[in-house]
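Listed below, chain by chain, are the residues.
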Amino acid sequence: MGEMRDRGAALLGRLRELPGGPELLDLAAERDDVELVGGAARDLLLGRDPRELDVVVDGTAQAFADLLVCTLDDRFAEDGVRGGVQAHERFGTAAVRWSAGRIDVATRRAESYAFPGALPDVRAGTPEQDLRRRDFTVNAIAVSLGGARRGELRAVAHALDDLAASRLRVLRDDSFAEDPTRLLRLARYRARLRFEPDAHTARLAAEAIAAGALATVSHARIGAELRLALAEPDPVGALESLAQLGVLAALHEAIELDAPLARAALDALPPGADAWPDVLLLASLLLPAHSYDTTAYETRLRALLDGFEIPAAERERTVHSAILAPRVAERLQHAQTSSQVYETTHDAPLEAVALAAALADAEGRGDAADLARRWLCELRHVRLAINGDDLLAAGVAAGPEVGRRLAHALARKLDGELGQGREAELSAALEDL
Ligand code: CTP
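Remember, predicted model here, so these are calculated numbers, not experimental data.

The ligand sits among 16 residues. The nearest are G39, R42, R51, D179 and R192. The separation between an oxygen atom of the ligand and a polar side-chain atom of E52 is 2.8 Å. Out of a free accessible area of 570 Å², the ligand has 83% covered by protein chains. For the shell around the ligand, the secondary-structure elements that each account for two or more residues are α3 (38-46) and α8 (181-193). Of the residues forming the shell around the ligand, the biggest block, six residues, is contributed by α8. Tallied by class, the residues present in the shell around the ligand amount to one nonpolar, four polar and 11 charged. Summarising the domain contributions, the shell around the ligand has at least three residues from each of domain 1 (2-165) and domain 2 (167-250).

Following this line, the structure appears as structure tokens:
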């Protein structure tokens, strides 16, 4: 008992160090009903920084969230960024977001499922029900943040032992059947926390997948979970875990993971906002679709990504990357000069070129892979100092001729055939073509 109190007290100490922690503790000081739960309690007990803070209260979550956001705004006023509250009445939750973090507030609840795979129906619940509704024992731990029980830990059976043993254990045998998105959560926790399911949970997961549980969930919810997997610190690890569980194979026949290839492609992708790692990973999952019937597969990929509610810009870039990567890898085999590399790559998304580098390497075509990497690191940044106006001023007629001449000058510049400066570029652009 003493040990539990010490662990609770240590947890509150760590909470006080986190953004929003002191404000949360102050607000909860006089209340008996505020507890930190779920991933936040789990991670603080493990000595990890939680992704966000999860809090349960009695009464409406939004009322507590509104109070919290006002307190945070007062304290962080100098940042000039005001927080906001996003409430979901159906689930009795309210998320507080402000400049330094996120706190999820939920009304203590009990849940039931109208049918397997449905979103849960939610009603007010006791503290015990609120723990028992959860996915894994390690997420069913709560610590009281105020009142007479301040610092007291509550947990379902096995939770603290499972935490110490890095074990994922469902609370009920029908947990995956009721909410198959938990299969994807299991994979994420395996990759992130390096926790493993106990034998019974592993068997239940396999049985749920074999029984087609994933087909009972909307594609939109699966898509949301996939995006969370892609946002993990080790997204390829999360995808590997999904593949090992059999989740990827159950989602769609076109989806398949080649983890070493995905990692190599991520390594080739340059850092920066113009490169989209999520798109690269999604496209890598869809590469095998190439061996399918040809004409319809682009449409099929779009339909699949639409089902997952991938935003249009990402969807298009994913489809193009999946289609172009093998073609770029193939064509780079025949490229000799930098301008030929440009011809092959400049219309392709960066993700397609990074995938092409990984594909070429995997097929033992290191030269083509090097060219793809050279494009990503260096050649794509080569620009002319002159533009169309310079050519018009030099007497070139407006029209396609201008573009053709600029392309010629760029090709010569890429191939290192031009001296420094605008004059050299201009005379290359005005050469007889
Ligand atoms: N939960 C659940 N089943 C789900 C989703 C969530 O039982 N399909 C419960 C879990 O107990 C989880 C809590 O709701 O701990 C909050 O969910 P979420 O915020 O998604 O997870 P975290 O606990 O914050 O864990 P992490 O963010 O580290 O993934």
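Take the environment of T107 next. Checked against the element boundaries, T107 lands in strand β5 (residues 101-107). T107 gets classed as buried once you look at its relative accessible area, which sits at 18%. Other than its neighbours up to four places away in sequence, T107 contacts V57, G59, T60, A61, G92 and D130. Reaching out from T107, the side chain makes a polar contact with the backbone oxygen of G59 at a distance of 3.0 Å.

Turning to helix α22 (residues 422-429), its buried residues are A424, E425, L426, A428 and A429. Next to the buried residues of α22 lie α20 (388-393) and α21 (400-414).

To continue, consider unusual backbone geometry. Unusually for a residue other than glycine, R194 sits at a positive phi of about 60°. Mapped onto the fold, R194 is located in the loop between α8 and β11 (196-197). The class of R194 is exposed, set by a relative accessible area of 61%. For E309, which is not glycine, the phi torsion reads 60° and is therefore positive. Position of E309 among the secondary structure elements: in the loop between α15 (297-307) and α16 (312-332).

Attention now moves to the pattern of salt bridges. Counting across every chain of the model gives 45 salt bridges. The closest approach of N and O atoms between D43 and R42, which form a salt bridge, is 3.0 Å. Of the two residues examined, D43 and R42, each falls in the buried class. R172 is the partner of D174 in a salt bridge, and the nearest nitrogen-oxygen pair spans 3.5 Å. Since its relative accessible area comes to 37%, D174 is described here as partly exposed. Taking relative accessible area as the criterion, R172 reaches 26% and is therefore assigned partly exposed.

What follows is about the pairing of β5. If a strand is regular, its side chains alternate between the two faces of the sheet. For β5, the tally of buried residues reaches five of seven residues, placing the bulk of the element in the interior. In terms of strand pairing, strand β2 (residues 53-57) meets β5 through five bridges, oriented parallel. Paired with D54 across the two strands is D104, which belongs to β5. Taken together, the six bridges between strand β4 (residues 93-98) and β5 define a ladder with antiparallel strand orientation. Of the residues in β5, the one forming a bridge with V96 is I103. Remark: two residues form the turn of the hairpin made by β4 and β5, two consecutive strands paired antiparallel.

Before going further, it helps to examine the side chain of R182. Within the fold, R182 resides in helix α8. On the accessibility criterion, R182 (4% relative accessible area) is buried. Of note is the side chain of R182, whose polar atom sits 2.9 Å from the side chain of S175. Once residues within four sequence positions are removed from consideration, R182 is found in contact with E111, Y113, R133, R134, D135, F136, R172, S175 and F176.

Here we take up helix α10 (residues 219-230). A rise of 1.5 Å per residue sets the reference length of α10, with its 12 residues, at 16 Å; its end C-alpha atoms lie 16 Å apart and thus fit the reference within 8%. Against α8, α11 (235-245), α12 (247-251) and α14 (277-286) lie the buried residues of α10.

Once that is clear, we can look at the sheet that holds strand β9 (residues 153-155). Taken in spatial order, the seven strands make up an open sheet running β3-β4-β5-β2-β1-β8-β9, and their pairing is mixed. One side of each edge strand has no neighbouring strand; the edge strands of this open sheet are β3 (84-88) and β9. Together, β2, β3, β4 and β5 form the strand contacts of helix α4 (residues 61-75), whose direction differs from that of β4 by roughly 10°.

Next up on the list: the packing of helix α13 (residues 259-268) against helix α18 (residues 350-362). Orientation of α13 relative to α18, taken along the N-to-C sense of each, is 130°, at an axis distance of 8 Å. One way to sum up the angle between α13 and α18 is to call them oblique. Like other packed secondary-structure pairs, α13 and α18 cross with a definite hand, here right-handed. Residues L261, A264, A265 and A268 of α13 form the contact with α18, whose participating residues are A354, L355, A357, A358, L359 and A362. Looking at side-chain class alone, the contact of α13 with α18 contains 10 nonpolar, no polar and no charged residues.

Calculation criteria
Residues numbered from 1 in each chain as written. Predicted model: local features only at pLDDT ≥ 70, side-chain atom pairs only at ≥ 80, totals over all residues. Heavy atoms only, no water. Near = heavy atom within 4 Å. Polar contact = N/O pair within 3.5 Å; in protein donor to acceptor, adjacent residues only side chain to side chain. Areas by Shrake-Rupley, 256 points an atom, 1.4 Å probe, with all protein chains shown as cover. Helix = DSSP H or I, 4+ residues; strand = E, 2+ residues; numbered from the N terminus. Nonpolar A, V, L, I, M, F, W, Y, C, P; charged D, E, K, R; others polar. Domains from an automatic or database assignment. Buried < 20%, exposed > 50% of the residue type's maximum accessible area, 1.4 Å probe, protein only. Contact = heavy atoms within 4.5 Å. Salt bridge = Lys/Arg side-chain N within 4 Å of Asp/Glu carboxyl O. Pairing = 2+ DSSP bridges. Expected span 1.5 Å × (residues − 1). Axes fitted to C-alpha atoms, helices over the stretch in contact; angles between N-to-C directions. Parallel < 35°, antiparallel > 145°, perpendicular 65-115°, else oblique. Left-handed = near helix turned anticlockwise from the far one by under 90°.

It is worth stressing that arrangement in space is one thing and function is another; only the former is reported here.
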